[in-house]
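The residues making up each chain are set out below.
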Amino acid sequence: MGSTTRIQSLCLLVLVVSARSAAFEIQDGRLSINGFGSWGFGWSNHHNSYDLAQPDGNFGAGDFALALTARLSDRAVAGAQLRATSGGRTSVDWVFGEWRFSDLASLRVGILKHPIGIFGEVPRVGTLRPFFLLPLGLYGSTEFTGSGVEGLSLAGSLGRLSRWNLSYDLYGGSLKLPAMNVADKLDPRNLQPGGKLVTSTEETKYIVGGQIVAVTPIDGLDLRFSGYGTPVSEMNGPRFVIGPSIQYLGEKFSARWEYFFLYEEGDRAHDRQRVHTAYLEAAYFLTEQIQVGARAEIYRLYLLNGSTSSLLEHSELAATFNYWFTPTFVVKASVQAIDGNRFAAPLALDDALLAGGLDRHTLAGFIGSQFSF
Amino acid sequence: MRRLILLTILVGAVPSAPPELRVVVNEANPVSSLSRQEVSDLFLKKTSRWAQLGLVMPVDQPEGAAVRETLNREIHHKSLSAVRAYWQQRIFSGRDVPPLEKDGDAEMLSFVRKNPGAIGYISSSASAAGVKVLEVRM
């Protein structure tokens, strides 16, 4: 780990320790400053790297973000969220202008977070979830969730139907999706010494999508249905993603279930794919500070050329033990037992495949802190 | 004597009543009665405009204040963690920010008196001079 990374990690730690639990409000709320961050150590075995976890240990998993929201008038709002990682990368999570016509409709134009599933808009806010990492099948480097929608959205509340509260979000524009060259690794002719899995960003233009959220009469229970699609894509053919989500948030007990399906056509045989992913997680506060949780996740990528490989599969059982110093500052320790190499594979993937194959079983562990204010 | 001891134990075991809460608005606000759900929607910013006064300006008391816990339980019908998760989701998706916080009944009342669109809440023991107390239909 470089000295710069160490310094950044230390800065993050200082921020964690000194973080206030409340936001900063200026001029009676006309400008609000909020933020969140995390730092973690990840370790995995069998030479397989799993997201932030690496076989020789990874201390460099940290990030910090600041969200600024300015009320320009009774109806106009501007906002931006800037994020920096301990690797030195900075990015704009979202930046937009918004006009609020009424509670029924507000128009936002700019770079927006992708409203899909429970965490599509808040994938890095660790104080909103029990596990240090979100399920990778849906929120990792997959074809489901984009880093942001560049375009516009119309959102609002549809009011109450009986004791149900409905809200909606419609959006359109361009979506930047992470893409990994997994399919290339299935053909031995593509392998070369030193070759690696590469995650690139693929822009899917002219997408339209939406999400509807129903807050049920049962306190703490909400339902979502999300989907988006595009009839055309520069790189690939038509694609769409759909899925339901259920979340229950109680005082001590919380649970979530999500399932998503991807359909994609393409010119090349391995671009024609179907992906299913689902997870179920539950967490319980044993005391005001101590929380335990468990999660089961499955992901299957089917290429229509008939290829099969552990690189197309991921199954995971995970457990976490968390200590919440305050509701906005938590230290988490988790362990993941993984079957499949879709998200757990050697960094030098080609060398491993050329040497005879992969170990499809991985054990990974994380310990880290997450905070928000 | 045994009965007296039992009575003392039973009385001691009864939890102390939560502080009652009064929802207050500016005296210029023509609204005098709202349902519990309507009040909840105002504090969660699901309803953002008064019919005649424009922008709603909800004001909260700090987390940990007993009267705010009463608001969560009696008005929102949500746990503190559920309300906190609601606002974190709103903040970091860029949807909205939580209401301003005013530290105690006196600051809350001062803000409501100054702002026609304001809505706040105070404990029942505080004087509501200079503001209007809403009837909340449960």
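Here the structure is shown first, and the text comes after it.
Participant: Would you take a moment to explain the overall build of chain B for this structure?
Facilitator: A tally of helices and strands in chain B yields five helices and nine strands. The secondary structure elements of chain B, listed N-terminal to C-terminal, are α-β-β-α-β-β-β-α-α-β-α-β-β-β. Burial statistics for chain B: of 138 residues in total, 50% are counted as buried. Sequence separation of at least 24 residues holds for 71% of the intrachain contacts in chain B that already meet a minimum separation of 6.

Participant: Explain the interface of chain B and chain A here, please?
Facilitator: It is common to give the size of an interface as the accessible area that goes away when the parts come together. Contacts between the two partners involve 27 residues from chain B, matched on the other side by 38 residues from chain A. Both faces combined, the contact of chain B with chain A buries some 2,900 Å², and carbon together with sulfur accounts for 46% of it. When the buried area of chain B at its contact with chain A is split by residue, B:Gln89, B:Phe92 and B:Arg95 rank highest and sum to 26% of it. For the pair chain B and chain A, the number of links is three salt bridges. A:Arg100 is the salt-bridge partner of B:Asp96, the closest N and O atoms lying 3.8 Å from each other. The biggest single contributor to the side of chain B that touches chain A is helix 4 (residues 80-92) of chain B, with nine residues. Grouping the constituent residues of the side of chain B that touches chain A by class yields ten nonpolar, ten polar and seven charged.

Participant: Honestly, empty space enclosed by the protein in this entry has me stumped. Any pointers?
Facilitator: With a probe scaled to a water molecule rolled over the atoms, the places where space remains empty come into view. Residue and element names in this part refer to chain B. For the structure on display, the rule yields three cavities of 30 Å³ or more. Here the second largest cavity is characterised by a volume of approximately 40 Å³. Together, Phe 43, Leu 44, Asp 60, Arg 68, Leu 71, Asn 72, His 76, Val 83, Trp 87 and Pro 99 line the second largest cavity. Within the residue set of the lining of the second largest cavity, elements represented by two or more residues are helix 3 (66-76) and helix 4. Here the element with the most residues in the lining of the second largest cavity is helix 3; it accounts for four residues. Broken down by class, the residue content of the lining of the second largest cavity amounts to six nonpolar, two polar and two charged.

Participant: Which parts of the structure should I look at to understand helix 5 (residues 105-114) of chain B?
Facilitator: For the α-helix, the turn length of 3.6 residues means that residues three or four positions removed from each other point alike. Residues and elements named next belong to chain B. Within helix 5, burial applies to Asp 105, Met 108, Leu 109, Phe 111 and Val 112. Along helix 5, the residues classed as buried sweep out an arc of 165 degrees about the axis, all on the same side. In this structure, helix 5 carries Ala 106 and Lys 114 as exposed residues pointing more than 90 degrees from its buried face. In this structure, the buried side of helix 5 is in contact with strand 1 (21-26), strand 5 (57-60), strand 6 (100-101), strand 7 (118-123) and strand 8 (131-133).

Thresholds applied
- Residues numbered from 1 in each chain as written.
- Chains lettered and ligands numbered in written order.
- Predicted model: local features only at pLDDT ≥ 70, side-chain atom pairs only at ≥ 80, totals over all residues.
- Heavy atoms only, no water.
- Helix = DSSP H or I, 4+ residues; strand = E, 2+ residues; numbered from the N terminus.
- Buried < 20%, exposed > 50% of the residue type's maximum accessible area, 1.4 Å probe, protein only.
- Contact = heavy atoms within 4.5 Å.
- Buried area = accessible area lost by both parts, 1.4 Å probe.
- Salt bridge = Lys/Arg side-chain N within 4 Å of Asp/Glu carboxyl O.
- Nonpolar A, V, L, I, M, F, W, Y, C, P; charged D, E, K, R; others polar.
- 1 Å grid on protein atoms, 1.4 Å probe; cavity = no way out; pocket = protein on both sides within 12 Å on 5 of 7 lines; lining within 4 Å.
- Points joined across faces, edges and corners; volume = space filled by probe spheres on them.
- Arc of directions from axis to C-beta.

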